[in-house]
Amino acid sequence: MATAQDTAALLQEILTSVRSLKQDQQQLADTVDAINGRVNVLAGLKQSLEGIVHDASKPSPRINAQPYLLGSPRIPPQGHHSRESVSSAEGLPKDKEANGQVQSTSPPPRRASTTSSKIVITTHPGQAGVDPLPMDWGNADPRKRGPVVVARSPSTFRRRNAIGAHGGSYSIYYALAVASQQLNTDHKPDYTNTEPAADIRRNPTWSDPKKIVAMDPLGHLAPWLFKDIITNENVEIRPTIAVTRAHMKIPELEESVRKGRLVPDGKICMNSQGELNVIKVAVEPVWYLPGVAERFNIDEGTLRRSLFENTGGSYPELITRSDIKLFMPPIGGLTVYFFGDPAKMGDPSVKLSLRVHDECNGSDVFGSDICTCRPYLIFGIEEAVKEAQRGGSGVVIYFRKEGRALGEVTKYLVYNARKRGSDKASEYFKRTENIAGVKDMRFQALMPDILHWLGITKIDRMMSMSDMKHDAIVEQGIPILERVPIPDDMIPEDSRVEIDAKIHAGYFTTGKVMTLEELDSVHGRAWDDVDH
């Protein structure tokens, strides 16, 4: 006859088995949920291929998990991590039991979706209801060329003639604002008094499909040029360019005035603090895919596939909508800072000084001295202002291409590799290539588009040593008469590694080009080194 001890042991074994079965049931249910999710995606894709949208309000067929429990499921052994969350036969989380009291683990209630229940994964040419507004890129008549339409609002979705979203990388924040019900998708922008604050004169390149392929030349005028389409057809059309005026105040410019490099004139350099009068132009990228492909000497299909696959499949219409030729990529744009009379930019009899600058947050904003970025930017601004004061044009263009378009995380990893190693100029590019697989992804082939848009036909003085920028501009038919390197007295000591390596690799200089052996002796400062 069984003893009380045997009975207790048997009950404990049964209880342990029940716990394991409940855990296994939960694991299986989670697996089934994952399978159902995959089935939903595949079903949605099948429906989209057939021109049907998935109605998320109707439940998808579910796979019944219960029959699988009738067999012999694999039970994880005692102590396995998958069983650690079960502390009783009721399946209560361990960390939520205290003195026998169960603490609630229910998440806060979710906000109900305010969007349509129909999820459209992609569309196809000729699909019922798909009626994109005509787009004849390069047509000189704005009405025949047509507006750029990319919004997915209910009234606009079927009229889209572009892939992607407004705002570049900021489109993700737009999505968050909609999801959290901070923004109503029915909001209609009021563009009263938002017209360009300066006149950028139209020039022949605006209607040349080979000269401008990375921005919409009509982007600053879109809401006014196509107002009747917005009003009569209820189509959402937004600007992709904004032009404004501002004052610029940078500490180094006050020093420039004190040292006599800048002279206040009350118009451009406004006072002894070095405050500048500037016209600013913000530009979001709009890519004309056939033109972009041609710039890179690849076929359009290869470009579309690479963009689709290397953005996590985020834009399936790159593959399914070959009839749509425009793409608004999820990248940063650019800003133009112009000094002087904008009407003079396209006048070949007037001198123009230019600085094309790629973003470097660490130096430009926070003053890191590991590179020459901020000093060269300041020098470019000074020279642009002086050119404008002499009756010419001064332009600084700032591209969002952080860390040579490799990103700031990659850049800082490279910094770590440099500073924990020998940090020699002879190994400067090798450090980047070891991590990123390439030393530079800025791809300046698209950069000259903004010069065409501004009407620039020649550059008298270019404050840049970059061979890539020089070659891209010249290849687009814009001559550069003089290249101006950064003055030696503006180069931080710790940035000698960067600048000497770049000069050796092909950057322009009026000075010495070091040999590889000489580069081997150029070292950067260690983290703990302090200047006294």
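Residues numbered from 1 in each chain as written. Predicted model: local features only at pLDDT ≥ 70, side-chain atom pairs only at ≥ 80, totals over all residues. Heavy atoms only, no water.

Here the focus is the overall build of the protein chain. Across its full length, the protein chain holds 17 helices and 13 strands. Counting over 532 residues, the protein chain shows a buried share of 42%. Once local pairs closer than 6 in sequence are excluded, the contacts in the protein chain between residues at least 24 apart make up 71%. Of the roughly 28700 Å² of accessible surface on the protein chain, a fraction of 54% belongs to carbon and sulfur atoms. (Helix = DSSP H or I, 4+ residues; strand = E, 2+ residues; numbered from the N terminus. Buried < 20%, exposed > 50% of the residue type's maximum accessible area, 1.4 Å probe, protein only. Contact = heavy atoms within 4.5 Å. Areas by Shrake-Rupley, 256 points an atom, 1.4 Å probe, with all protein chains shown as cover.)

Glancing now at the environment of Gly138. Secondary-structure assignment places Gly138 in the loop between β4 (118-119) and α2 (142-145). For the pair Gly138 and Ser207, spaced 69 residues apart in the sequence, the C-alpha separation amounts to 4.1 Å. Apart from residues lying up to four places away in sequence, Gly138 is in contact with Arg145, Ser207, Asp208 and Pro209.

Taken in spatial order, the 6 strands of this open sheet run β6-β7-β10-β12-β11-β13, and their pairing is mixed. Each edge of the open sheet is held by one strand with a lone partner, namely β6 (241-248) and β13 (461-462). As defined by bridge partners, strand β10 (residues 334-339) adjoins strand β12 (residues 393-399) across 6 bridges and the pair is classed as antiparallel. For Val336, the partnering residue across the bridge sits in β12 and is Ile397. Where helix α11 (residues 373-389) meets the sheet, its contacts fall on β6, β7 (276-283), β10, β11 (352-358), β12 and β13, and the angle it forms with β12 comes to roughly 155 degrees. (Pairing = 2+ DSSP bridges. Axes fitted to C-alpha atoms, helices over the stretch in contact; angles between N-to-C directions.)

Our next topic: the packing of aromatic side chains. Under the counting rule described, the total for this entry stands at 10 aromatic pairs. Considering the side-chain rings of Phe296 and Phe443, the 5.9 Å spacing of their centres and the 80 degrees angle between planes classify their relative orientation as edge-to-face. Of this pair, Phe296 sits in the loop between α7 (289-295) and α8 (300-309) while Phe443 is found in the loop between α13 (428-436) and α14 (449-454), placing the two residues 147 residues apart along the sequence. For Phe443, a relative accessible area of 45% translates into the label partly exposed. Plain terms: the ring middles of Tyr315 and Phe327 are 5.2 Å apart, the flat faces sit at 75 degrees to each other, and that makes the pair edge-to-face. Residue Tyr315 is found in the loop between α8 and α9 (317-320), and its partner Phe327 is found in strand β9 (residues 326-328); the two are separated by 12 residues along the sequence. Its relative accessible area of 16% is what places Tyr315 among the buried residues. A connected cluster of aromatic rings, assembled from ring pairs, spans Trp287, Tyr315 and Phe327. When the ring centre of Phe157 is taken as origin, the NZ or CZ atom of Arg160, which lies over that ring, is 4.3 Å away. Note that Arg355 overlies the ring of Tyr376, its terminal NZ or CZ placed 4.0 Å from the centroid. (Phe/Tyr/Trp six-rings, centres within 6.5 Å; stacked < 30°, edge-to-face > 60°. Lys NZ or Arg CZ within 6 Å of the ring centre and 35° of its normal.)

Here the focus is the layout of surface pockets. Taken as a whole, the second largest pocket holds about 900 Å³ of empty space. The set of elements that each furnish at least two residues to the lining of the second largest pocket consists of α8 and α14. Ranked by residue count, the leading element in the lining of the second largest pocket is α8, at 3 residues. Among the residues forming the lining of the second largest pocket, the class breakdown is 21 nonpolar, 5 polar and 5 charged. (1 Å grid on protein atoms, 1.4 Å probe; cavity = no way out; pocket = protein on both sides within 12 Å on 5 of 7 lines; lining within 4 Å. Points joined across faces, edges and corners; volume = space filled by probe spheres on them. Nonpolar A, V, L, I, M, F, W, Y, C, P; charged D, E, K, R; others polar.)

The next subject is unusual backbone geometry. At Gln181, a residue that is not glycine, the phi angle is positive and equals roughly 60 degrees. Following the sequence through the fold, Gln181 ends up in the loop between α3 (171-179) and α4 (222-225). Residue Asn193 is not a glycine yet carries a positive backbone phi of 65 degrees. Tracing the backbone shows Asn193 in the loop between α3 and α4.

Here we come to empty space enclosed by the protein. Throughout the structure, instances matching the rule amount to 3 cavities of 30 Å³ or more. In this model, the largest cavity occupies a volume close to 460 Å³. Lining the largest cavity are 30 residues, and of these Cys373, Arg404, Arg442, Glu498 and Lys502 lie nearest its centre. Put simply, the parts of the chain that give the lining of the largest cavity at least two residues each are β11, α11, α12 (408-420), α13 and α16 (496-505). Here the lining of the largest cavity gets 5 residues from one element, more than from any other, and that element is α12. Its residues placed into classes, the lining of the largest cavity shows 12 nonpolar, 7 polar and 11 charged.

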